[in-house]
Amino acid sequence: QKEVEQNSGPLSVPEGAIASLNCTYSDRGSQSFFWYRQYSGKSPELIMFIYSNGDKEDGRFTAQLNKASQYVSLLIRDSQPSDSATYLCAARSGNTPLVFGKGTRLSVIA
Amino acid sequence: DGGITQSPKYLFRKEGQNVTLSCEQNLNHDAMYWYRQDPGQGLRLIYYSQIVNDFQKGDIAEGYSVSREKKESFPLTVTSAQKNPTAFYLCASTWGGLSNEQFFGPGTRLTVL
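Residues numbered from 1 in each chain as written. Chains lettered and ligands numbered in written order. Predicted model: local features only at pLDDT ≥ 70, side-chain atom pairs only at ≥ 80, totals over all residues. Heavy atoms only, no water.

Points about the layout of surface pockets
Rules: Points on a 1 Å grid, built from protein atoms alone, make a cavity when a 1.4 Å probe fits but cannot get out and make a pocket when they are open with protein on both sides within 12 Å along at least 5 of 7 lines; residues with an atom within 4 Å of a point are the lining residues. Grid points are joined across faces, edges and corners, and a volume is the space filled by probe spheres set on the points. Put simply, DSSP H or I for four residues or longer makes a helix, DSSP E for two residues or longer makes a strand, and each gets a number counted from the N terminus.
Considering only enclosed or pocket space, the largest pocket measures out at about 650 Å³ in volume. If you trace the largest pocket, you find 25 residues lining it, with Gln1, Lys2, Val99 and Phe100 of chain A together with Asp59 of chain B closest to the centre. Every element with two or more residues in the lining of the largest pocket is listed here: strand 1 (4–5) and strand 10 (99–100) of chain A together with strand 5 (43–51) of chain B. Its volume calculated, the second largest pocket comes out at about 500 Å³. Lining the second largest pocket are 25 residues, and of these Thr86 of chain A together with Gln37, Pro39, Gly40 and Gln41 of chain B lie nearest its centre.

Right, here's the structure in full:
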């Protein structure tokens, strides 16, 4: 059974701090990884994807992938109250459907 | 504007009724997906389709049916056999390639009365 695990939170960080969201996956064949942000009552929106070991930066967001440890993370720098949401991690192997974690709820305190 | 549309946004159903949720995309994506989300839960895959006239069951297909007669359309029918249909239903689509970015529609919230 392919699984993606996330701490459900809530993760609380003060405004301006770095938020660190973590995710582990069970399928070593997973090749691409995705982070989605979901506001309450809304659909998920794609933040970033990564498929190579190392870091990938996009604005205030950095995705990190360590395939040896089967670990993916998302760092949010200069966290803002508007970043408060649930963050979903997903993994895919080949052309199979994404496998989603249950999400981590982030709360940025002003 | 390119994107994925779902209708209706809210749907109320009486027990014993079948209802069909619409999903349309004009992104020219090959693959389309239906997910169910319950409060405080992640996304569970119901059905997916990678090409027209073909679809596969996901993890929780019982009580649901789909069709894929056109590339841009992937309607989901929630049948009376689905015992707990009240949930948030999300449609998604994917173009292809290694990144395989998957985009979601706005969702349909189904409530059984």
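With respect to the sheet that holds strand 1 (residues 4–7) of chain B
Residues and elements named next belong to chain B. Applied cut-off: Note: two strands are recorded as paired if DSSP finds a minimum of 2 bridges between them. Helix axes use the C-alpha atoms of the stretch in contact, all axes being lines fitted to C-alpha atoms, and the angles between their N-to-C directions lie in the range 0 to 180 degrees.
Sheet architecture is open: 4 strands sit in the order 1-3-8-7, paired in antiparallel fashion. Unpaired on one side and paired on the other, strand 1 and strand 7 (64–66) mark the two borders of the sheet. Strand-to-strand twist in this sheet, taken as the mean axis angle between neighbours without regard to direction, amounts to 20°. Taken together, the 3 bridges between strand 7 and strand 8 (residues 76–78) define a ladder with antiparallel strand orientation. When the bridges of strand 8 are listed, tyrosine 64 appears paired with valine 78.

Things to note about the pattern of salt bridges
Two side chains that carry opposite charge are able to pair once their charged atoms sit near each other. The following threshold applies: Any carboxyl oxygen of Asp or Glu that lies within 4 Å of a side-chain nitrogen of Lys or Arg is treated as forming a salt bridge with it. Each residue is assigned to one of three classes by its accessible area relative to the maximum for its type, calculated with a 1.4 Å probe on protein chains only: buried under 20%, partly exposed between the two thresholds, exposed over 50%.
Counted by the stated rule, this structure contains 7 salt bridges over all chains. Across the salt bridge formed by arginine 37 of chain A and glutamate 45 of chain A, the nearest N and O atoms sit 3.2 Å from each other. Of the residues examined, arginine 37 of chain A reaches a relative accessible area of 15% and is grouped as buried. Residues aspartate 83 of chain A and arginine 60 of chain A are paired through a salt bridge, measuring 2.9 Å at the closest nitrogen-oxygen approach. Remark: arginine 60 of chain A occurs in the loop between strand 6 (54–58) and strand 7 (61–66) and aspartate 83 of chain A occurs in the loop between strand 8 (71–76) and strand 9 (85–92); sequence separation between them is 23 residues. Note on arginine 60 of chain A: relative accessible area 27%, which makes it partly exposed. Several salt bridges share partner residues, and in doing so they unite Arg36, Asp38 and Arg44 of chain B into one network.

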